Amino acid sequence: AAFTCSLQRSRLLCMMPAAAFAVTAPLPGWGARLMPHSAADVAARARVATAPRAARSADRARGGDGEAAAAVVAAAVLVSGATAAALLGQRTRGKRSRRALWSRRSVAVVRQAACKDFLSFVANTGSPAHTVLESKARLVKAGFSELKSGKEWKLQPGGLYFVTSEGTSIWAFAVGGKFSPKEGGVLIAAGHTDSPCLKVRPRAKLPSKAGTVQLGVDTYGGGLWHTWFDRPLGFAGKVVVASEPAGLEEKLVRLDAPLCLIPNLAIHLQTAEERAAFSFNKETHLRPVLCKPCGSTTPASKEKKDQKDKKEDDEEENLGPQQPEELLAEVAKAAGVKPEQILDVDLCLMDATPPCMVGEYVSSPRIDNVLSTWAAVDALAEFADIRSSNGGLKDSVDICCAASFDHEEVGSTSATGADSQILERWLDKALGSLGCSWSAVADRSFLLSCDCAHGLHPNYADKHQPQHQPLLGKGVVIKTNANQRYATTPTLAQMVREVGKQVQVPIQEFVVRNDCPCGSTIGPLLSSLLGLRTVDVGAPQWAMHSCRETAHSADVESLQKLCLGLFKNFRAVDNSTRRL
């Protein structure tokens, strides 16, 4: 089979068979040996490059470990003569410059695929329960089996498992094919499932004002609440419904259509002081307006008004939840039940505008910290895939894990938070099934605590310590704090830098200024609870805790690669490190 291209500059290429193309510049993780490619091989690589990361393992296996960056671009020749002319038809370029161009284009294609996969992931979330639901779906597709906390676990080397708590926290793990309590440990990449948001109150129905239906909401976490004004908002979360014959049932609902707005006050109605401060009262000014056609009140007949007044009087006497009928109607439709079956709700408001790319940047709600959950889960699934060139579970002596916990944004002190005994119980049960204990492997275990980092803001550069200014698009950030707000230590940080070096992930550093408060993560909590070596890392981002945040596509890929590098390479790095 020959390349068919009508462009004059590509005439020589047209005469060359596809099998003549040899690869020399490897795509990260695809090996480095020279390998000819047939037209079928090249076409397969095109599918690999454009598919989401989670779906690429099978194509990699068919193409072999020696695939290279040039193959992805060569595939484009089959699809577009214009692309061939742009990339391969410049006769004035030398072989080295062509290879560099191929490599840059290939990295960009893979990066776009990773971002596309992350955007697909975050677009299906909206509450901690939906982050766990999406993680479960991907783990099941990758061959993982769900365990139940209250039942016996029968684990074996090479097994793939996951367990959840209350539907809002998850722990997935893959037992190494050569797991050894004497040689290996537990390697964990962990994040959290929650993000700052507005949550619907149990009795959210408010008196009508200006002919509208409004909701009473609680502020959850430390959000930048002014960013929630004038945005189309939807809902996601859990509802409790009455089921037959006389029981309770939890159901997940996600209303991604815009249903609410929190309107700003016009500038003409504000004083100069109010405009300058942009101040608002979180109790009285942060009330969403239901914007469905049924969300506005209309004049009613006296009979209907009397019936409505009587119903409201009955509801006031009822100690159960009180929600607007308009909201219950939409929630019931999404849950597949009748409105009167809904007994209680646990609903988060969310940005209803889908996540998207803005050039090389990712614009999305909940980047903090759905990005870290996606990276850990995707890396574990790839590492456990025996068809993938990055699959290393067969020869691993470790238990490799991806975990994500609820309630980090409010301190993690809950039954499903990191500051609980939930992970310790899961570890004890899993290790007991494998014939060992946590104390036997704790010293060889490690936690990569993944939570987004503060990237240098171009308009507020003075907010960063001058020697620690991580940039978006320049790699994963190691976070250090002398007061242990982050659990990072110098030796462990250097070990992570070495892992990053081996998987070609650039590493940056962050230290907060002495005159600024420092946030924290699940890292110090799990480190102290389990006596677990820990390093806090994260992808740099802008506008943390905004209704909509920004990250860079390169860092999306880098964080996933670092989690994968933890599973693949940390054991060798740890064994080569001489500690006191």
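See the structure shown above.
The sections below set out a description of the structure shown in this document. Along every chain, residues carry numbers that run from 1 in the direction the sequence is written. pLDDT decides what is reported in this predicted model: residues at 70 or higher carry local features, side-chain atom pairs at 80 or more are listed and counted, and totals for whole chains, interfaces and linings draw on all residues regardless. Here the side-chain values reflect all heavy atoms present in the structure, with hydrogen atoms and water set aside.

Turning our attention to the overall build of the chain. Helices and strands together make up the secondary structure of the chain, namely 16 helices and 20 strands. Burial analysis of the chain (580 residues in total) assigns 51% to the buried set. Contact criterion: two residues are considered in contact whenever any of their non-hydrogen atoms come within 4.5 Å of each other. Considering only intrachain contacts with a sequence separation of at least 6, the fraction spanning at least 24 residues in the chain is 76%. Numbered from the N terminus, helices here are DSSP runs of H or I no shorter than four residues, and strands are runs of E no shorter than two. Exposed residues in this analysis have more than 50% of their type's maximum accessible area, buried residues have under 20%, and partly exposed residues fall in between, with area computed by a 1.4 Å probe over protein chains only.

Axis definition: a line fit to C-alpha positions, over the contact stretch in the case of helices; interaxial angles, taken between N-to-C directions, run 0 to 180 degrees. It is the contact of helix α7 (residues 128-141) with helix α11 (residues 367-384), at a shortest axis distance of 11 Å, that shows an interaxial angle of 15 degrees. In terms of orientation, α7 and α11 fall into the roughly parallel class. When the axes of α7 and α11 are compared, the crossing they make is right-handed. Here T131, S135, R138 and L139 of α7 come into contact with α11, specifically with V370, T373, W374 and V377. Of the residues contributing to the contact of α7 with α11, the split by class is 4 nonpolar, 3 polar and 1 charged. Oblique is the label for any angle not covered by the other classes, which are roughly parallel (under 35 degrees), roughly antiparallel (over 145) and roughly perpendicular (65 to 115). A crossing counts as left-handed when the near helix is turned anticlockwise from the far one by less than a right angle, and as right-handed when that turn is clockwise. When residue character is reported, Ala, Val, Leu, Ile, Met, Phe, Trp, Tyr, Cys and Pro are called nonpolar, Asp, Glu, Lys and Arg charged, and the others, Gly included, polar.

Let us now look at the pairing of strand β3 (residues 169-175). In terms of burial, β3 is largely enclosed, as 7 of its 7 residues are buried. Residues S169, W171, F173 and V175 of β3 are buried on one face, and the alternating residues I170, A172 and A174, pointing to the opposite face, are buried as well. For two strands to count as paired, DSSP must find a minimum of two bridges between them. Of the strand pairs in this sheet, strand β2 (residues 160-165) and β3 are connected by 6 bridges, and their pairing is antiparallel. Note that in β3 the partner of L160 across the bridge is A174. Taking the residues that link successive antiparallel strands as the turn, the β2-β3 hairpin has 3 residues, and the phi of E166 there is positive, at about 55 degrees. The pairing of β3 with strand β13 (residues 399-405) spans 6 bridges and is classified as antiparallel.

Here we take up the sheet that holds β13. Taking strand neighbours across the sheet as the criterion, the 9 strands line up as β1-β2-β3-β13-β4-β14-β18-β16-β17 in an open arrangement whose pairing is mixed. Either end of the sheet is taken by a strand with one partner, and the two such strands are β1 (145-146) and β17 (507-510). Sheet topology places strand β4 (residues 186-192) next to strand β14 (residues 446-450); 4 bridges connect them, and they run parallel. What sits directly across from A190, in β14, is S449. Along the sheet face, α11 touches β2, β3, β4, β13 and β14 and points at about 160 degrees away from the line of β13.

A ring pair, where both rings are aromatic, is described by two values, the distance of the centres and the angle of the planes. Two rings belonging to Phe, Tyr or Trp (six-membered ring only in the last case) form a pair when the distance between their centres is within 6.5 Å. Interplanar angles under 30 degrees mark stacking, angles over 60 mark edge-to-face geometry, and anything in between is tilted. Tallied over the entire structure, the rule returns 12 aromatic pairs. Note on F383 and F567: the rings are 5.9 Å apart at their centroids and 45 degrees apart in plane angle, and the pair reads as tilted. On the criterion of sequence distance, the pair formed by F383 in helix α11 and F567 in helix α16 (residues 553-575) is long-range, its members being 184 residues apart. Here F383 and F567 have matching classes, each one buried. Taken together, the ring pairs connect W153, Y161, W171, F173 and W426 into an aromatic cluster. Charge-over-ring contacts are defined here by two conditions on Lys NZ or Arg CZ: a distance within 6 Å of the ring centre and an angle within 35 degrees of the ring normal. The ring of Y220 has K199 lying over it, and the distance from NZ or CZ to the ring centre is 5.3 Å.

Our next topic: the sheet that holds strand β19 (residues 540-542). Pairing within the open sheet is mixed, and its 5 strands lie in the order β11-β12-β20-β19-β15. Whereas interior strands pair on both sides, the edge strands pair on one side only; in this sheet they are β11 (356-358) and β15 (453-454). For β11 and strand β12 (residues 361-364), the ladder comprises 3 bridges, and the chain directions are antiparallel. The residue of β12 that forms the bridge with M357 is V362. The sheet contacts of α11 involve β12, β19 and β20 (549-552), and relative to β20 the element is tilted by about 40 degrees. Relative to the sheet, α16 contacts β11, β12, β19 and β20, its axis offset from that of β20 by approximately 70 degrees.

What follows concerns unusual backbone geometry. Omega for the bond connecting D368 with N369 falls within 30 degrees of zero, at 15 degrees, which places this linkage in the cis form. Looking at the element boundaries, N369 is found in helix α11. Of note, the phi angle at F278 is positive, near 45 degrees, even though the residue is not glycine. By the element assignment, F278 lies in the loop between α8 (272-277) and β9 (289-290).

Here we come to the nonpolar core. Side chains that are nonpolar tend, in soluble globular proteins, to be buried together. What we call a nonpolar core is a set of buried Ala, Val, Leu, Ile, Met, Phe, Trp, Tyr and Cys residues that are connected through their side-chain atoms within 4.5 Å. One finds F118, L371, F446, L448, V537 and F567 to be the most contacted residues of the largest nonpolar core, which totals 58 residues. When neighbours within four sequence positions are excluded, F118 is seen to be in contact with V362, V370, L371, W374 and V556.

In what follows, salt bridge is the name for a side-chain nitrogen of Lys or Arg lying within 4 Å of a carboxyl oxygen of Asp or Glu. Under the defined criterion, the tally for this structure stands at 19 salt bridges. Of the charged contacts, one joins E250 and K238 as a salt bridge, the two residues approaching to 3.6 Å between their closest N and O atoms. One end of the pair, E250, is in strand β8 (residues 247-261); the other, K238, is in strand β7 (residues 233-243), and 12 residues separate them in sequence. By relative accessible area, which is 14% here, K238 ends up buried. The closest approach of N and O atoms between D385 and R387, which form a salt bridge, is 3.1 Å. Looking at D385, the relative accessible area reads 12%, which means it is buried. Because the salt bridges share partners, they merge into one network encompassing D398, R533, R571 and D574.

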